[in-house]
Amino acid sequence: MTDRIEVTGIEVFGHHGVLPHERTYGQRFVVDLVLEADLSAAGRSDALADTIDYGAVTADVLAIAGGEPVDLIERLAERIADRCLQDERVRACEVTVHKPAAPVPAVVAEVAVRIRREQA
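Residues numbered from 1 in each chain as written. Predicted model: local features only at pLDDT ≥ 70, side-chain atom pairs only at ≥ 80, totals over all residues. Heavy atoms only, no water.

A. A look at the nonpolar core. Counting residues in hydrophobic clusters, the biggest one holds 29 residues, and the most contacted among them are Leu33, Ile80, Val95 and Val97. Listed by contribution, the elements that provide at least two residues to this core are strand E1 (3-14), strand E2 (27-37), helix H3 (54-65), helix H4 (73-84), strand E3 (92-99) and strand E4 (111-118). Examining the composition of this core, we find that six residues originate from one element, H4, more than from any other. (Core = buried A, V, L, I, M, F, W, Y, C linked by side-chain atoms within 4.5 Å. Buried < 20%, exposed > 50% of the residue type's maximum accessible area, 1.4 Å probe, protein only. Helix = DSSP H or I, 4+ residues; strand = E, 2+ residues; numbered from the N terminus.)

Below you can see the structure in the form of structure tokens.
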């Protein structure tokens, strides 16, 4: 059995991208998280200590995505996944980084990268 905590639509302003104007002016990014863990202890105890503090994880996502720039959103997703897996209770995580204003030569709603990582 694997339970899930989902946090979707985390909006942050960052300076990620390979083009100079992306680094200079920045843009909005949106991050979705799915954390897989056994939540039965929290379900029984009703104690925050028995679950993943999604408020703290969200704050970390804001710091990572709003922090040091990277060229690729693939790298940004990897950094976020690494943070999520620092909590040994998280068996796996899925991170989606949306880049609504991606500079592509067509009208698109957005570009997104989704990765899934598991505990080693």
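B. Quick look at H4. Taking 1.5 Å of rise per residue, the 12 residues of H4 would be expected to cover 16 Å, and the 17 Å separating its terminal C-alpha atoms lies within 8% of that figure. Inspection of H4 places Ile73, Leu76, Ala77, Arg79, Ile80, Ala81, Arg83 and Cys84 among the buried residues, and these make up the whole buried set. (Expected span 1.5 Å × (residues − 1).)

C. View of the state of the cysteines. The full count for this structure, using the stated rule, is zero disulfides. We note that cysteine 93 lacks a disulfide partner, and the nearest cysteine sulfur, in cysteine 84, lies 4.8 Å from it. Here cysteine 93 falls in the buried class, since its relative accessible area comes to 1%. (Disulfide = S-S within 2.5 Å.)

D. Looking closely at the pattern of salt bridges. Per the counting criterion, the structure on display carries 11 salt bridges. Glutamate 6 serves as the salt-bridge partner of arginine 4, at 3.0 Å between the closest nitrogen and oxygen. On the basis of relative accessible area, arginine 4 is assigned to the partly exposed category, the value being 47%. What makes glutamate 6 partly exposed here is its relative accessible area of 49%. In this structure, the salt-bridge partner of arginine 83 is aspartate 60, at a minimum N-O distance of 2.3 Å. Of the two residues, arginine 83 is situated in helix H4 and aspartate 60 in helix H3; the sequence distance between them amounts to 23 residues. (Salt bridge = Lys/Arg side-chain N within 4 Å of Asp/Glu carboxyl O.)

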